[in-house]
Amino acid sequence: MGKIKAAIIGSTGYTGAQLAALLYNHREVEIKYLTSKTYLNQKYSDIYQNFNSISDIICTEDELEEISKNVDVIFLALPHGIASKKVTKEVLYNSKVIDLGADFRLKDKETYEKWYNVEHFSPELLNEAVYGLPEIYGDKIKNAALIANPGCYTTCSILSIYPLVKNNLIDTNSIIIDAKSGVTGAGRGVNLGVHYCETNENIKAYKISSHRHTPEIEQELSFALNKKITLQFTPHLVPMNRGILTTSYAKLNENVTKKDIVDCYFEQYKNKKFVRILKEGIYPETKWTKGTNFIDIGIFTDTRTNNVIISAAIDNLMKGAAGQAVQNMNLMFNLDESEGLMTSGIFPA
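Here the structure is a predicted model, which means the values were calculated and not measured.

Let's talk about the side chain of Ser36
Part 1: Take Ser36: it is sitting in the loop between strand 2 (29–35) and helix 2 (44–47).
Part 2: Classification of Ser36 as buried rests on a relative accessible area of 6%.
Part 3: Among the polar contacts made by the side chain of Ser36, one reaches the main-chain amide nitrogen of Thr38 at a distance of 3.4 Å.
Part 4: A polar atom in the side chain of Ser36 sits 3.0 Å from the backbone nitrogen of Tyr39.
Part 5: Leaving out residues up to four positions away in the same chain, Ser36 has contacts with Thr12, Cys59 and Thr60.

Considering the environment of Cys59
Part 1: You can see Cys59 is positioned in the loop between helix 2 and helix 3 (64–68).
Part 2: Expressed as a C-alpha distance, the spacing of Cys59 and Ala148, which sit 89 residues apart in the sequence, is 24 Å.
Part 3: Residues within four places of Cys59 in sequence aside, it is in contact with Ser11, Thr12, Leu34, Ser36, Tyr39, Leu40, Asn41, Gln42, Tyr44 and Ile47.

Points about the side chain of Thr184
Part 1: Tracing the chain through its elements places Thr184 in the loop between strand 7 (176–181) and helix 9 (196–199).
Part 2: With relative accessibility at 12%, the residue Thr184 sits in the buried group.
Part 3: In this structure the side chain of Thr184 is engaged in a polar contact, spanning 2.6 Å, whose partner is the backbone oxygen of Asn241.
Part 4: Those residues in contact with Thr184 that sit more than four places away from it in its chain are Tyr14, Asn241, Arg242, Asn316 and Leu317.

The rules we used
Residues numbered from 1 in each chain as written. Predicted model: local features only at pLDDT ≥ 70, side-chain atom pairs only at ≥ 80, totals over all residues. Heavy atoms only, no water. Helix = DSSP H or I, 4+ residues; strand = E, 2+ residues; numbered from the N terminus. Buried < 20%, exposed > 50% of the residue type's maximum accessible area, 1.4 Å probe, protein only. Polar contact = N/O pair within 3.5 Å; in protein donor to acceptor, adjacent residues only side chain to side chain. Contact = heavy atoms within 4.5 Å.

This is the structure in structure tokens:
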């Protein structure tokens, strides 16, 4: 088999650019198409000068059905509400699709439409889509045609507390997730709220009790326990370019020990290349995951309050988006899942 032929639809956002960088350095991939509405007919390296002497591709329109006939995999780096119009049975017959947006993450059409306030145009594909968390659904991903790549907050939140839920070690009615994100999580579009003068020297909570990643986290944790879970999720915007830090709290069930907790994490994530369980007393920091596909998880307990506190860090553009998409692609094409991703990151940056 020759190289995997790939297309990135929506290649000029932050996620699309990170994805292009990863694929250009992937020895098994050849990028055939980079699409953009904003920069139509412009050379990719003129938009992002860091691709000078690397890419000579001209940005084209996202004619998905035609593109699907000429590639093996399509990455969709688009805002929500678009992919469900574009992905069809015909497209999936021609090519595998990895959607980095939200359109296929939620299994229930009504839940999606309620939280995203848009119509879903291909509900028949919702059950066909595989949720793209390799550490949980790796075997299903290998045989999938359509991957719903998880969001950044959700990846960090789910992976950090999944073992506690799956092993029934906590009171699931007590889960509180405090999450913080760098400004690239808001995308590259013009938005007053993420201007430099608005974000520098500032931190704020936003979308309290209404963030769209909440039902995604609840869905996956509910699947883990086979029980409906409702939790509190509060995101914050912090003045850094990239990174996610979540700190999650829950009440321990009766007679659960620190050893029980630590053991369940090592059992859940044994042989998972991109999960790093930190040594006792070491706190996750976004600077150590920047530019990597790792999630760092720190496990803490408070005997005074009977709480378990799980802190975790990822790079929102890597494990929270483009890196995880490449990890999923690797599994779909029977490659080592770390191909093109095993890097220690960028420090200092």
